[in-house]
Amino acid sequence: MMGAPKITLGYESRTAAIAALRANGLSTAVIADRIGIEPKTVTALEASAARARRPSHAQSTVPTLGRPVLVPFQDYAALRSHAARRAVTVDRLIRDIIEVVARDDMVNAVLDDGAAS
């Protein structure tokens, strides 16, 4: 359950304040400092707002069936900021990356390991 909006810096909610400050070109760190919250909270509120704006009927381009893949924790963690900027989960970002690399035959370009020669 979500809490009630918190009036912040004259805006109706922290999310509204973050959107306004971001529109003014401020960084996540500066926004967090102005509001008095952690930078990760700024990112989380932006991601939540982006999810709320997305249509619920959006079709996924990834099949619902597949195989699980274990991703090392440090790699998963390294993708969090990239996922947050796109307002998707890290799992969704990983699926999107794999789909594009496979579909566009980019494995050799991404790995650059010389295996194709």
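Computed from a predicted structure; not experimentally measured. (Residues numbered from 1 in each chain as written. Predicted model: local features only at pLDDT ≥ 70, side-chain atom pairs only at ≥ 80, totals over all residues. Heavy atoms only, no water.)

## Some points on the overall build of the protein
So, point 1. Assigned secondary structure in the protein consists of seven helices and zero strands.
So, point 2. Secondary structure elements of the protein, listed N to C terminal, follow the sequence α-α-α-α-α-α-α.
So, point 3. When the 117 residues of the protein are sorted by exposure, 23% land in the buried category.
So, point 4. If you sum the accessible surface of the protein, you get close to 9,100 Å²; carbon and sulfur atoms cover 58% of it. (Helix = DSSP H or I, 4+ residues; strand = E, 2+ residues; numbered from the N terminus. Buried < 20%, exposed > 50% of the residue type's maximum accessible area, 1.4 Å probe, protein only. Areas by Shrake-Rupley, 256 points an atom, 1.4 Å probe, with all protein chains shown as cover.)

## Examining the nonpolar core
One broad trend across soluble globular proteins is that nonpolar side chains are buried collectively.
So, point 1. Counting residues in each nonpolar core, the largest one holds 10 residues, listed as Ala 17, Ile 18, Leu 21, Leu 26, Ile 31, Ala 32, Ile 35, Ile 37, Val 42 and Leu 45.
So, point 2. For this core, the elements supplying multiple residues, two or more each, are helix H1 (14-23), helix H2 (28-35) and helix H3 (39-53).
So, point 3. The contacts of Ile 31, once residues within four sequence positions are left out, are Ile 18, Leu 21, Arg 22, Leu 26 and Val 42.
So, point 4. Judged by nonpolar contacts, the second largest core, of six residues, contains Leu 79, Ala 83, Leu 93 and Ile 94. (Core = buried A, V, L, I, M, F, W, Y, C linked by side-chain atoms within 4.5 Å. Contact = heavy atoms within 4.5 Å.)

## Brief notes about the confidence of the model for the protein
So, point 1. A residue-level look at the protein finds 86% of positions with pLDDT of 70 or above and a mean pLDDT of 84.
So, point 2. Summarising per-element confidence for the protein, the mean pLDDT is lowest in H3 (86) and highest in H2 (94). (pLDDT = per-residue confidence, 0-100.)

## Here we look at a nonpolar patch on the surface
So, point 1. There is a patch of nonpolar side chains on the surface, built from Val 100, Met 106, Val 107, Val 110 and Leu 111 and spanning about 390 Å² of accessible area.
So, point 2. The biggest single contributor to the nonpolar patch is helix H7 (residues 107-111), with three residues.
So, point 3. For Met 106, the position within the fold is in the loop between helix H6 (90-103) and H7.
So, point 4. Residue classification places Met 106 among the partly exposed residues on the basis of a relative accessible area of 31%. (Patch = residues over 30% accessible without salt bridge, like charges linked within 9 Å, V, L, I, M, F, W, Y side chains within 5 Å. Salt bridge = Lys/Arg side-chain N within 4 Å of Asp/Glu carboxyl O.)

## Thoughts on the environment of Thr 15
So, point 1. Along the chain, Thr 15 falls in helix H1.
So, point 2. The spacing of Thr 15 and Ser 48 is 33 residues in sequence and 9.0 Å in space, taken between C-alpha atoms.

## Digging into H6
Think of an α-helix as turning once every 3.6 residues; residues three or four places apart then point the same way.
So, point 1. When the terminal C-alpha atoms of H6 are compared, their 20 Å separation across 14 residues agrees well with the 20 Å that a helix rising 1.5 Å per residue should span.
So, point 2. When H6 is considered as a whole, its buried residues turn out to be Val 90, Arg 92, Leu 93, Ile 94 and Val 101.
So, point 3. Check the buried side of H6 and you find it contacts helix H4 (73-78), helix H5 (80-85) and H7.
So, point 4. Once H6 finishes, Asp 105 follows within two positions and takes phi at roughly 50 degrees, a positive value. (Expected span 1.5 Å × (residues − 1).)

## Topic: the packing of H1 against H3
So, point 1. Following both chains from N to C, one finds H1 and H3 inclined at 100 degrees, their axes separated by 10 Å at the closest point. Between H1 and H3, the angle falls in the class roughly perpendicular. Contact residues: H1 offers Arg 14, Thr 15, Ile 18 and Arg 22, while H3 offers Thr 41, Val 42, Leu 45, Glu 46 and Ala 49.
So, point 2. Per-class residue counts for the contact of H1 with H3 are four nonpolar, two polar and three charged. (Axes fitted to C-alpha atoms, helices over the stretch in contact; angles between N-to-C directions. Parallel < 35°, antiparallel > 145°, perpendicular 65-115°, else oblique. Nonpolar A, V, L, I, M, F, W, Y, C, P; charged D, E, K, R; others polar.)

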